[in-house]
Amino acid sequence: MISYGKQSIFDEDIEEVVKVLKSDFLTQGSTITLFENDLKNKFGSNYCSVVSNGTAALHLSGLVLGWRPEDIILTSPISFIATANCIIYSGATPDFVDIDPISYTIDPNHLEDKIKTYRSGGKSVKAVIGVDYAGHPCDWKSLREIANKYDLQLVNDNCHALGAAYYGDKKYATKYADIVTQSFHPVKHFTTGEGGSIMTNNEELDDKIKILRTHGITKPKDNKKENIQPWIYEMHNLGFNYRITDFQCALGISQLKKLDKFIAKRREISAIYDSSLKDIENFIIPKVDVNSSHAFHLYPLQILFNEISISKTDLFKNFKDYGIALQVHYIPIHLQPFYVKNYGFSVGDFPIAENFYNNAISLPIFYDLSREELRYVIDKLKTINK
Ligand SMILES: *Cc1c(COP(=O)(O)O)cnc(C)c1O
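Residues numbered from 1 in each chain as written. Predicted model: local features only at pLDDT ≥ 70, side-chain atom pairs only at ≥ 80, totals over all residues. Heavy atoms only, no water.

S.K.: How should I be thinking about the overall build of the protein in this particular structure?
M.R.: Each helix and strand in the protein was counted, giving 14 helices and 14 strands. Its C-alpha atoms give the protein a radius of gyration of 22 Å, within 12% of the compact-globule value 21 Å for 386 residues. Its C-alpha atoms give the protein principal-axis dimensions of roughly 85 × 60 × 40 Å. In the protein, buried positions account for 54% of the 386 residues. Working note: accessible area of the protein is about 17,500 Å², and carbon and sulfur atoms make up 51% of it. In the protein, 43 positive and 47 negative side-chain charges are present, and the distance between their average locations comes to 2 Å. (Helix = DSSP H or I, 4+ residues; strand = E, 2+ residues; numbered from the N terminus. Rg over C-alpha atoms; globule rule 2.2 N^0.38 Å. Buried < 20%, exposed > 50% of the residue type's maximum accessible area, 1.4 Å probe, protein only. Areas by Shrake-Rupley, 256 points an atom, 1.4 Å probe, with all protein chains shown as cover. Lys, Arg positive; Asp, Glu negative; His and termini not counted. Charge placed at Lys NZ, Arg CZ, Asp CG, Glu CD.)

S.K.: I keep staring at the sheet that holds strand 8 (residues 196–200) and nothing clicks. Help me out?
M.R.: Within a sheet, adjacent strands bond to each other through the backbone by hydrogen bonds, running parallel or antiparallel. A sheet is described by the order of its strands in space; here seven strands give the open sequence 1-8-7-5-4-2-3, paired in mixed fashion. Each edge of the open sheet carries a strand with a single partner, namely strand 1 (47–51) and strand 3 (93–96). Here the strands of the sheet are splayed against their neighbours by 20 degrees on average, with no regard to which way each runs. In terms of strand pairing, strand 7 (residues 179–183) meets strand 8 through four bridges, oriented antiparallel. Each bridged residue has a counterpart across the sheet, and for Thr181 the counterpart in strand 8 is Ile198. Helix 5 (residues 108–120) rests against strand 2 (72–75), strand 3 and strand 4 (125–131) of the sheet, and its axis sits at about 165 degrees to strand 2. The strands touched by helix 8 (residues 203–212) within the sheet are strand 1, strand 7 and strand 8, with strand 1 carrying the most contacts at an inclination of about 20 degrees. (Pairing = 2+ DSSP bridges. Axes fitted to C-alpha atoms, helices over the stretch in contact; angles between N-to-C directions. Contact = heavy atoms within 4.5 Å.)

S.K.: Would you mind showing me how to read the packing of aromatic side chains here?
M.R.: Pairs of aromatic rings are described using the distance from one ring centre to the other and the angle between the two planes. Applying the stated rule across the entire model yields 25 aromatic pairs. Centroid distance Tyr133 to Phe356: 5.8 Å. Interplanar angle 90 degrees. Geometry classified as edge-to-face. Of the two residues, Tyr133 is situated in the loop between strand 4 and helix 6 (140–150) and Phe356 in helix 13 (residues 351–359); the sequence distance between them amounts to 223 residues. Of the two residues, Tyr133 and Phe356, both sit in the buried class. Ring pairs connect the aromatic residues Phe96, Phe338, Tyr339, Tyr343, Phe345 and Phe350, which therefore count as one cluster. Taking the ring centre of Tyr367 as reference, the NZ or CZ of Lys265 above it sits at 5.3 Å. (Phe/Tyr/Trp six-rings, centres within 6.5 Å; stacked < 30°, edge-to-face > 60°. Lys NZ or Arg CZ within 6 Å of the ring centre and 35° of its normal.)

S.K.: I keep staring at a nonpolar patch on the surface and nothing clicks. Help me out?
M.R.: Nonpolar side chains collect at one region of the surface, where Ile9, Ile14, Val18, Leu21 and Leu26 lie side by side and expose about 380 Å² of accessible area between them. When you line up the elements, Leu26 lands in the loop between helix 1 (11–21) and helix 2 (30–43). We classify Leu26 as partly exposed; its relative accessible area is 38%. (Patch = residues over 30% accessible without salt bridge, like charges linked within 9 Å, V, L, I, M, F, W, Y side chains within 5 Å. Salt bridge = Lys/Arg side-chain N within 4 Å of Asp/Glu carboxyl O.)

S.K.: Would you mind going over the site of the ligand with me for this structure?
M.R.: Around the ligand sit 14 residues in total, of which Gly54, Thr55, His160, Ser183 and Lys188 are the nearest. Within the side chain of His160, an N or O atom sits 2.8 Å from an oxygen atom of the ligand. Here Ser183 contributes a side-chain N or O atom positioned 2.7 Å from an oxygen atom of the ligand. The protein chains hide 93% of the 380 Å² of surface that the ligand would expose on its own. Here the element with the most residues in the shell around the ligand is helix 3 (residues 54–64); it accounts for three residues. In terms of residue class, the shell around the ligand is built from four nonpolar, eight polar and two charged. (Near = heavy atom within 4 Å. Polar contact = N/O pair within 3.5 Å; in protein donor to acceptor, adjacent residues only side chain to side chain. Nonpolar A, V, L, I, M, F, W, Y, C, P; charged D, E, K, R; others polar.)

S.K.: Which parts of the structure should I look at to understand the pattern of salt bridges?
M.R.: Any two side chains of opposite charge can pair, given that their charged atoms come close. Evaluation of the coordinates by the stated rule reveals 16 salt bridges. Of the charged contacts in the structure, one is a salt bridge between Lys258 and Asp13, with a shortest N-O distance of 2.6 Å. One end of the pair, Lys258, is in the loop between helix 9 (246–256) and helix 10 (259–277); the other, Asp13, is in helix 1, with 245 residues separating them in the sequence. On the accessibility criterion, Lys258 (6% relative accessible area) is buried. The exposure class of Asp13 is buried, given its relative accessible area of 0%. Where Asp169 meets Lys175, a salt bridge forms, and the shortest distance between an N and an O atom there is 2.6 Å. Owing to a relative accessible area of 22%, Asp169 belongs among the partly exposed residues under this scheme. Judged by its relative accessible area of 52%, Lys175 is exposed. Taken together, the salt bridges that share partners define one network made up of Glu12, Asp13 and Lys258.

S.K.: When you look at the sheet that holds strand 11 (residues 283–284) in this model, what are you seeing that I'm missing?
M.R.: One open sheet holds the three strands; their spatial order is 11-13-14, and the pairing between them is antiparallel. The open sheet terminates on both sides in strands that have one partner only, identified here as strand 11 and strand 14 (360–363). Across two bridges, strand 11 lies against strand 13 (residues 299–303) in antiparallel orientation. Among the inter-strand pairings, Phe283 is bridged to a residue of strand 13, identified as Ile303. Packed on one face of the sheet, helix 10 meets strand 11, strand 13 and strand 14 and runs near 15 degrees to strand 13.

Okay, here's the thing in structure tokens:
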């Protein structure tokens, strides 16, 4: 079965993991810091904390940004559910903003309208989580302007876009957002099994993150003083065990070295999809803004199912028989039963996102996808219109 994405693990990756397994520290050792340093260098961030997964990264982001029950936090309905769930973890209220039909990321015009509507009702929006969906950067310049104008915090859920560039800059994420989160799940650009990171240029936020990821435990500030009982540790804030292990970080260090190679291959695949599918009636290939380089975590093809004889359900069934596991990224979050039930969202609330969802399928795209497999997928896609 050809899936939409999977990891590529090399012998040297395994050797690096084994080295750590044979060392004294499986967790809370020095490989953690080495991985954080590599991530800081790669993504141009002053501070980085690695954690157990991308969802933990989002959770801690909301906590250190001080989200509280009276706060409204806005994000895109076209993301993985964790992006919105983290808002609820902090007790704040999630709401959504429709997407731009070209980049499929949060639309700054709709965003500003929404902020104004809340303000005129006497409520204030505390933060926005932009999602660089599929690997296409959001319109971060506009988002930063809006954040400055209305005094909002800006988070980049960057899980899809490691290796993307914005105005030619691969280190764009922490330049615009106050906090950036990443995931190293096996379907993402490179992997640690489970894993994630939080990047920021704000030292105070990073200090808090590092405490909260390990139960909220600190050593007393005056522990250098004589007479202090050396075993003392203190908990001032409620934290979690969101640590990642050293052997996972060893895998991460080794995998990160291959990120550029992984991205180059994804772009090669996407270029072949583009040229093969762009002229097919009722197909809409993903577009890339002139100021962005896409990282192609996903290749979302839109098929205008209203115009053709086959339904999306039947297409999925047929492709499964062909040995191709298609996917859809994503069911709009506001239409998940939990969000409908607890927040009253309904069909029609975010029509551009919903229309995109109705048309979208994610095609296989990953480093080990062979030319023959790619050809096979394309040949099968070409039969749809007939
Ligand atoms: C994968 C992903 C997450 C969650 O990351 P995990 O490591 O699986 O917890 C959050 N947001 C987006 C956009 C993702 O793609």
